[in-house]
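Spelled out from the first residue to the last, the chains are:
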Amino acid sequence: MRGDGGGGGIGGRVALGGGGLGVVGLVIYFLLSQFGGGIGGGGSLGGQGLSGLGSGQQVSNSSLQSECKTGADANKNEDCAIVAIVNSVQDYWSGQLSRSGQTYRKAETNFFSGGVRTGCGNATSDTGPFYCPADSEVYIDLSFFKELTTRFGAQGGTFTEAYVLAHEYGHHVQNLLGTSKKGGGTGPTSGSVRLELQADCYAGVWANHATTTPTETGRPLITEITQDDINRALDTASRIGDDYIQTNLGGGKVDESQFTHGTSKQREKWFTTGFQTGDPARCDTFSAKNLG
């Protein structure tokens, strides 16, 4: 479940060429005009949405949003909930970077099944969700969300998906800010680990601000995040740490020299740091002497 080079794997970046829905407390509010801001190419499935995605096919966030018009849609339809999450994450970072004198460029979101061609090369479902710096796009393999519950033992739920998506957009922010170049290598204090933990922290920062981040209408897309939602995000983080994967899904022995994402405890810690502080400046894992 790892890509090669400086990224890849669960919740990561990737340099491939070398280098059921449960709205658990996540209450989403929509107006038709608030669906603006969806992005991406990748084609349409003619209204079939994610459930109609066959092997080798992909669909973008903008294609999904054409079917989403009301808050009820978002709270009963997985496609619309994902559109809400993606738009909320990007709305937050657009505002945050603007306030610091920088520009946020929206990233395309591609949902795929089986395999996908990217600016970083071809990827299969084994890669898991990833961000490709070469084309500045997020790629989400739909089977991963099911695997989180069936293979990794995670609780699942909509906020689990929100955590994964927000993490990948954290990598996009890193790319825009030039932080991505600091990533690389393996080991417990490697640049790769620090980059991944920072993306976890950025996901927590978004979660802190999600209910107060306005769209063009001045109203937030997400009106409530419960403690149960946060618990599910932390549960997911605990299932995708390097130590957990090596012990439970690998050879059963922890090899710190091969760490690329951080331990379960570290991933929980940095998501929590972001969520509790709501401050991206507190996510400077590259200056941290103790990663947790």
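Residues numbered from 1 in each chain as written. Predicted model: local features only at pLDDT ≥ 70, side-chain atom pairs only at ≥ 80, totals over all residues. Heavy atoms only, no water.

1. Side note on the nonpolar core
Using the following cut-off: Put simply, a nonpolar core is a bunch of buried Ala, Val, Leu, Ile, Met, Phe, Trp, Tyr and Cys residues held in one set by side-chain atoms that sit within 4.5 Å of each other. Only protein chains enter the accessibility calculation, which uses a 1.4 Å probe; a residue is then buried when its area is under 20% of its type maximum, exposed when over 50%, and partly exposed in between. Runs of E in the DSSP output that reach at least two residues are strands. Runs of H or I that reach at least four are helices, and both are numbered from the N terminus. We call two residues in contact whenever any of their non-hydrogen atoms come within 4.5 Å of each other.
W93, L148, F159, Y163, W206 and F271 are the most contacted members of the largest nonpolar core, which has 52 residues in total. Those elements that place two or more of their residues in this core are α3 (78-99), β8 (137-141), α4 (143-150), α5 (158-177), α6 (191-209), α7 (227-239) and α9 (264-277). Looking at this core element by element, the count peaks at nine residues for α5. In contact with W93, other than residues within four places in its own chain, are Y104, V173, Y202 and P280. Within the second largest apolar cluster, seven residues are counted, among which are F112, V116, C132 and Y139.

2. A closer look at the side chain of H172
Let me state the cut-off plainly: In the analysis that follows, any N or O atom pair within 3.5 Å is treated as a polar contact, provided that within protein one partner can donate a hydrogen and the other can accept it, and provided that, for residues neighboring in sequence, both atoms belong to side chains.
Considering the arrangement of structural elements, one finds H172 in helix α5. Accessibility expressed as a relative area gives 2% for H172, which makes it buried. A distance of 2.5 Å separates the side chain of H172 from the backbone oxygen of R105, its partner in a polar contact. Contacts of H172, omitting those with residues within four sequence positions, involve Y104, R105, K106, A107, Y131 and S136.

Taken by themselves, the reported measurements are silent on function.
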